[in-house]
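Structural features, examined
Spelled out, the chains give:
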Amino acid sequence: MTGGWRRWRKRRPFAGGLLMILSGVVMTSFVVMPVELMVQTGIGGVSSLMFGGMLVVLGLITWFTPNQHVISGSLAGFLGLGALILSNLGGLVIGTLLALVGGGLAFSWRPVTRPPRGGRRPHDQARQEMSGEANRENGEGPDAPVLPPPAVPRAEG
């Protein structure tokens with residue numbers, strides 16, 4: 001179980017998505033009140049729920065579609081900055097900071113390439129090319145026979 005979890009977590013921007021989800025939870029937790037009161041408070045209460053919900057969704061998108069990490073990371077940064085202005089200082093600045101750091105981590109994440117399972121590894125192939133073994137196998141290199149260029153027929157005119 002732990003091997004599968006570790007493998008799943010390593011193949012995606014997990015920390016960035018987690019910080020995005022936490023920022024959304026922080027932003028929405030500061031405005032937990034009845035809807036009637038939230039509407040009376042104005043744009044601060046409603047926008048906190050909107051920004052928090054969008055950040056949670058972006059965190060989940062980052063986890064489950066890691067190839068969208070650039071878009072979700074940049075949107076999380078923009079939402080964090082927008083929440084700073086529109087929703088109670090972005091969850092008392094904690095939510096904004098979490099969104100900015102999570103968005104930056106997701107934006108800068110790069111997938112880890114694994115070596116192929118069978119056959120030669122890329123560095124073995126590069127070493128072989130440097131020594132000239134690959135050229136000798138393909139009929140090229142210093143010991144290959146030199147052939148004249150093919151004759152090109154001339155058009156008489």
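See above for the structure.
It should be emphasised that the depicted structure is a prediction, and the values quoted were computed from it without experimental measurement. (Residues numbered from 1 in each chain as written. Predicted model: local features only at pLDDT ≥ 70, side-chain atom pairs only at ≥ 80, totals over all residues. Heavy atoms only, no water.)

Here the focus is the overall build of the protein. Across its full length, the protein holds nine helices and zero strands. Reading the secondary structure of the protein in the N-to-C direction produces α-α-α-α-α-α-α-α-α. Sorting the 157 residues of the protein into buried and exposed places 31% on the buried side. At a minimum sequence separation of 6, the contacts of the protein that also span at least 24 residues come to 71%. With the model as given, the accessible surface of the protein reaches about 10900 Å², and the carbon-plus-sulfur share is 66%. (Helix = DSSP H or I, 4+ residues; strand = E, 2+ residues; numbered from the N terminus. Buried < 20%, exposed > 50% of the residue type's maximum accessible area, 1.4 Å probe, protein only. Contact = heavy atoms within 4.5 Å. Areas by Shrake-Rupley, 256 points an atom, 1.4 Å probe, with all protein chains shown as cover.)

The next subject is the packing of helix α5 (residues 69-86) against helix α7 (residues 94-108). Contact geometry of α5 with α7 gives a least axis separation of 7 Å together with a crossing angle of 165°. By the angle class used here, α5 and α7 are roughly antiparallel. Relative to α7, α5 is oriented so that their crossing is left-handed. On α7, the residues that touch H69, V70, G73, S74, A76, G77, G80, L81, A83 and L84 of α5 are T96, A99, L100, G103, A106 and F107. Per-class residue counts for the contact of α5 with α7 are nine nonpolar, seven polar and no charged. (Axes fitted to C-alpha atoms, helices over the stretch in contact; angles between N-to-C directions. Parallel < 35°, antiparallel > 145°, perpendicular 65-115°, else oblique. Left-handed = near helix turned anticlockwise from the far one by under 90°. Nonpolar A, V, L, I, M, F, W, Y, C, P; charged D, E, K, R; others polar.)

Attention now moves to the side chain of T96. Along the chain, T96 turns up in helix α7. The class of T96 is buried, set by a relative accessible area of 3%. The contact partners of T96, leaving out residues within four places of it in the chain, are M27, G80, A83, L84, L89 and G90.

Let us now look at the packing of aromatic side chains. Under the definition given, this model contains six aromatic pairs. Taking the centre distance of 5.5 Å and the plane angle of 20° together, the rings of W5 and W8 count as stacked. With W5 and W8 both in helix α1 (residues 2-10) and three residues apart, the pair spans about one turn of that helix. The partly exposed category is assigned to W8, whose relative accessible area is 25%. Relative to F14, the ring of W5 has its centre 5.5 Å away and its plane inclined at 85°; by these criteria the two rings are edge-to-face. Looking at W5, the relative accessible area reads 42%, which means it is partly exposed. One aromatic cluster in this structure is built from W5, W8, F14, W63 and F64. (Phe/Tyr/Trp six-rings, centres within 6.5 Å; stacked < 30°, edge-to-face > 60°.)

Inspection of the secondary structure puts S23 in helix α2 (residues 14-29). Apart from residues no more than four positions distant in its own chain, S23 is found in contact with L55, G95, L98 and A99.

As a further point, take α5. Taking 1.5 Å of rise per residue, the 18 residues of α5 would be expected to cover 26 Å, and the 25 Å separating its terminal C-alpha atoms lies within 8% of that figure. All of the buried residues along α5 are H69, S72, G73, A76, G77, L79, G80, G82 and A83. In the core, the buried residues of α5 are packed alongside α2, α4 (43-64), α6 (88-92) and α7. A positive backbone phi angle near 50° is found at N88, which sits one or two residues after α5. (Expected span 1.5 Å × (residues − 1).)

For V93, which is not a glycine, the phi torsion comes out positive at approximately 70°. Checked against the element boundaries, V93 lands in the loop between α6 and α7.

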